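Residues per chain are reported as follows:
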Amino acid sequence: MRKRYLTAAGTAAIIAVAPAAAFADPAYETDPPDIGAPPEAPADAAVLPTGETVRALADGTLAFDSPDGDQTAFTTGLTADGDRIAVPLDAVDEIASGELSTEQFNVDALLRGEATEEEVEPPSETAVDLTVKGRWLDGTGATVIGISLVDIDSGETYGPDFTDGKAATVQLEPGTYHLLTQLYENEGDGDVIVAVDEVEVDENGAAVTVDGTEAERVGFDLDRKAVQQSVALDLISYEPGTQNGAWGGITTFGDELLYAIPSDGLDADRDAGFVLRQGYASPEGGTDPYSYNLFRAETDGIPSDLSPVVHDDELARIDADYQSFGVEVPMERLDLVEHPVYEAWWWTDSGAVDLPGRRTEFYTADSELSWSHKGSLGFEGIGVPYDEVYHSSGVLEPGSKQSMTWNNAPISVSLDNNARDWPPAQILRWDELDSFYANPWLFSTVNGGESVYSDFLPGSIRLSLDGEIVAENNDGTGVGVYLDELGDGGSMKVVAESEREADWTTLGTKSEAEWEFDFDPDAENPIMPVSVVTFEPSGIVNGYAEAGTTQRIDLEFATQPGGDDQACASMTFEVSFDDGATWQEVEIDREGDLASAELELPDEPGFVSVRFTAADESGNYVRHQTIRSYGIQ
């Protein structure tokens, strides 16, 4: 048993991490113009001492990639400064033995490039011992004990920390505390028992036994047989309505078992208990696939009913139609449930779906919960391009039913950040970073409430002001520049292009886009008044339309979400059936921002490439084209 000297600090609050990919370093074949350094942002990936790579996603959540490609279970916590701690379960024994420290797993500090050495201060003269013992389900001693504490009177927090052996001893000041405990039976085993206790520590100290023989399984009793895909349990003791206080938890991506001990005698006026996010999928081999993604918050202590009955008709139902982008591949499906108080660290996994296919999906429905959905295609590791397909269903009603179609070809340039609110737009004045930022989505979809973000996309982007290059990135499609380099503004041009080959799609092999607009650094609205032409051809299934048919195509001049609405003054539409070698203009019938056209498709299989131009009544201009926007078969 080790005696730990845990020092107090301020209350905790979760922070979000901005992706460094938004601000790539300028690259020039010749000497660059004097444009100053690009805005700095935290790194978007860091490596833990145990070899796992942690990535900060654009929405502030985290993703972890293990060296062997397997998903890793983590125990999680917050430092007193609000930084996030994530320790792989197979490393808790090394922390408990003193070989490693929790500070080495401070993912936010690692992403900021800061040192993560443990700081240990000697206890005060009035500090006394709190000893915590743990029993497993069968009454044997726990192998590893993890603890976090909060002083109920001062709000000061302690931990998280892990101790090997049958007991943990912490030195702290006398007072009333909430003790958050995690018990492990086997080193590296994902099974865990959690508890929240209120502890009185007097001048003689105190001893607590966390009795796992009283624990019950945590989960949901569902109408259908379902296999757990992931679970995130946050063990909390917060000031009411906040995230200030003690926090610890566990996140797994498999069938690890979670147990909890019902609370007894929590008298303090705090939100104490747990927040649970859990994803399930139907057993493999079924003919009618389904999934569940569920949320539960218990703030009056850990209740006795730890696996409540939840019926399908109490949940929101989405009948999902998963199209393909021309290739039969699996798509990993994840969901993010946002609560006004209890923020999510990561997306909850609900299993893979085969493209094309269908799945019935059930979600916890509550007026305080808002749902976003993501599908991942082609992810192989850091630095390798892959696509993330986004949908948002927002607040769902109990018993409601709706349909959702995924992978809605055609592929085109988009300015819609659908389901991703970080950053707040794709071309904008980013006031929080005192910079101008551009990162348009070049291989997105534009229909069905969907958008596609291509990560680690090769390509280039250039910003020019009054004909002078002010920033350029030839190793990606995102770039930023400090506002003070842009003076009083002027005529801004953004030019971006990318070319790719993707295993998960035959579509979208090359895209180019160009915007010209007036840039005013003092404008009230930081979202630039830029636009694209969105279009919806009829008759596309799994990325392809039928050869020899005539398509109706609906077009719309669409201003970037959040920008001041612009009125369309002109629009052109061209197509190519030979990958852009030749182009032919398509006659459109336009009224205001909306237009329509008819397109006769060739009798032979191939692809349709598209090119658009448009201008608004303020003189802002856009041109964009995509090679192999959709297929013909």
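As a convention, each chain's residues are numbered from 1 in the sequence order in which they are written. Where local features are concerned, this predicted model is filtered to residues with pLDDT of at least 70; where side-chain atom pairs are given and counted, the filter is 80 or more; whole-chain, interface and lining totals use all residues. Side-chain calculation: all heavy atoms of the structure are included, whereas hydrogens and water are not.

Caption draft 1: Looking closely at the environment of D321. With respect to the helices, strands and loops of the structure, D321 is situated in strand β22 (residues 316–322). In this description, contact between two residues means that some pair of their heavy atoms is separated by no more than 4.5 Å. Leaving out residues up to four positions away in the same chain, D321 has contacts with G357, R358, M404, T405 and W406. Polar contact criterion, stated in full: a pair of N or O atoms within 3.5 Å, where within protein one must be able to donate a hydrogen and the other to accept it, and residues adjacent in sequence count only if both atoms are side-chain atoms. In this structure the side chain of D321 is engaged in a polar contact, spanning 3.3 Å, whose partner is the side chain of Q323. Secondary structure elements follow DSSP: runs of H or I no shorter than four residues count as helices, runs of E no shorter than two count as strands, and numbering proceeds from the N terminus.

Caption draft 2: Expanded view of the side chain of T613. Here T613 is to be found in strand β46 (residues 606–616). Among the polar contacts listed, one links the side chain of T613 to the side chain of T572, at a separation of 2.4 Å.

Caption draft 3: Quick look at the environment of V170. Looking at the secondary structure, you find V170 in strand β10 (residues 167–172). Working definition: with a 1.4 Å probe on protein chains only, accessible area under 20% of the residue-type maximum means buried, over 50% means exposed, and in between means partly exposed. The buried category is assigned to V170, whose relative accessible area is 0%. Sequence-wise, V170 and G159 are 11 residues apart; in three dimensions their C-alpha atoms are separated by 9.7 Å.

Caption draft 4: Main features of the sheet that holds strand β30 (residues 427–430). When DSSP finds at least two bridges between two strands, those strands are taken to pair. Reading across from one edge, β30-β31-β36 is the order of the 3 strands in this open sheet, with antiparallel pairing throughout. In this open sheet, the two edge strands, each paired with only one partner strand, are β30 and β36 (479–482). Neighbour to neighbour, the strand axes of the sheet diverge by 15° on average, direction disregarded. Bridge count between strand β31 (residues 435–438) and β36: 4 bridges; the pairing is antiparallel. The residue bridging S435 from the neighbouring strand is Y482, located in β36. Here an angle of 0 to 180 degrees is reported between the N-to-C directions of two axes, which are lines fitted to C-alpha atoms, with helices fitted over the stretch in contact.

Caption draft 5: Spotlight on the confidence of the model for the protein chain. By definition, pLDDT measures how confident the predictor is in each residue, and it falls between 0 and 100. The pLDDT averaged across the protein chain works out to 88; a share of 90% of its residues lies at or above 70. Contacts of residues 1–42 to residues separated by more than four positions or lying in other chains number 137 contacts, the stretch itself having pLDDT below 50.

Caption draft 6: Expanded view of the sheet that holds strand β33 (residues 451–455). Ordered in space as β24-β23-β26-β27-β33, the 5 strands form an open sheet in which the pairing is antiparallel. Only two strands of the sheet have a single partner each, and these edge strands are β24 (348–354) and β33. Within this sheet the neighbouring strands show an average axis-to-axis angle of 25°, counted without direction. Bridge count between strand β26 (residues 370–377) and strand β27 (residues 386–394): 7 bridges; the pairing is antiparallel. Paired with S376 across the strands is E388, a residue of β27.

Caption draft 7: How the structure looks around the packing of aromatic side chains. Two aromatic rings from Phe, Tyr or Trp, using only the six-membered ring of Trp, form a pair when their centres are within 6.5 Å; if the ring planes differ by under 30 degrees the pair is stacked, by over 60 it is edge-to-face, and anything between is tilted. Under the defined criterion, the tally for this structure stands at 21 aromatic pairs. Note on Y386 and F456: the rings are 6.4 Å apart at their centroids and 45° apart in plane angle, and the pair reads as tilted. Here Y386, found in strand β27, pairs with F456, found in the loop between β33 and β34 (460–465); they are 70 residues apart in sequence, far enough to count as distant. According to the relative accessible area criterion, Y386 is buried, its value standing at 2%. Relative to Y453, the ring of W441 has its centre 5.3 Å away and its plane inclined at 55°; by these criteria the two rings are tilted. Highlighted residues: W441 in strand β32 (residues 441–445) and Y453 in strand β33, separated in sequence by 12 residues. You can call W441 buried: its relative accessible area is 5%. Residue class for Y453 comes out buried when judged on its relative accessible area of 10%. Every member of this aromatic cluster is reached through a ring pair, and the members are F74, W247, W345 and W346. Cation over ring: R500 sits above F443, and NZ or CZ is 4.2 Å from the ring centre. Whether a charge lies above a ring is judged from NZ of Lys or CZ of Arg, which has to be within 6 Å of the ring centre and within 35 degrees of the ring normal.

Caption draft 8: Highlighting the pattern of salt bridges. By definition, a salt bridge exists where a carboxyl oxygen of Asp or Glu is found within 4 Å of a side-chain nitrogen of Lys or Arg. Counted according to the given criterion, the structure contains 23 salt bridges. Linking R135 and D211 is a salt bridge whose minimum nitrogen-to-oxygen distance equals 3.6 Å. Of this pair, R135 sits in strand β7 (residues 128–135) while D211 sits in strand β13 (residues 206–211), and the two are 76 residues apart along the sequence. Residue classification places R135 among the partly exposed positions, given a relative accessible area of 37%. When the shortest N-O distance is used, the salt bridge between E514 and R623 registers 3.8 Å. Here E514, found in strand β38 (residues 510–519), pairs with R623, found in strand β47 (residues 621–632); they are 109 residues apart in sequence, far enough to count as distant. In this structure, a network of salt bridges that share partners links the residues K493, K510, E512, E514, E516 and R623.

Caption draft 9: Just the pairing of β31, in detail. Going residue by residue along β31, you find S435 and Y437 tucked away on one face and F436 and A438 tucked away on the opposite face as well. Note: β30 against β31, 4 bridges, orientation antiparallel. Bridging from a neighbouring strand, W430 pairs with S435 of β31. Here β30 hands over to β31 after 4 residues, with D434 in that stretch at a positive phi of 50°.

Caption draft 10: Structural detail: the nonpolar core. For the purposes of this section, nonpolar cores are sets of buried Ala, Val, Leu, Ile, Met, Phe, Trp, Tyr and Cys residues that join through side-chain atoms within 4.5 Å. Ranked by internal contacts, the top residues of the largest apolar core, which has 139 residues, are F436, L463, W515, F517 and L555. With 6 residues, strand β16 (residues 227–238) is the single largest residue contributor to this core. Beyond its immediate chain neighbours, meaning those up to four positions away, L555 contacts V533, T534, F535, M571, F573, I588, D593, L594, A595, S596, A597 and F612. Formed by 25 residues, the second largest nonpolar core is a distinct cluster that contains L149, Y158, L172 and A215.

Caption draft 11: Broad picture of a negative patch on the surface. Every patch collects residues that have over 30% relative accessible area and no salt bridge, joining them within 9 Å if they carry like charges and within 5 Å if they are nonpolar side chains (Val, Leu, Ile, Met, Phe, Trp, Tyr). Surface accessibility follows the Shrake-Rupley procedure with a 1.4 Å probe radius. Residue values consider only the protein chains on display as shielding. Charged residues are defined here as Lys and Arg on the positive side and Asp and Glu on the negative side; His and the ends of the chain fall outside this count. Charge positions are represented by NZ for Lys, CZ for Arg, CG for Asp and CD for Glu. Together, D153, E200, D202, E203 and D267 line one region of the surface with negative charge. Positionally, D267 belongs in the loop between β18 (258–260) and β19 (271–281). Taking relative accessible area as the criterion, D267 reaches 67% and is therefore assigned exposed.

Caption draft 12: Region of the structure containing unusual backbone geometry. Looking along the chain, the bond that leaves G159 and enters P160 is cis, with omega of 10°. The residue P160 is located in strand β9 (residues 157–164) in this model. Here L355 and P356 are connected by a cis peptide whose omega angle stands at -5°. For P356, the location among the structural elements is in the loop between β24 and β25 (357–363).

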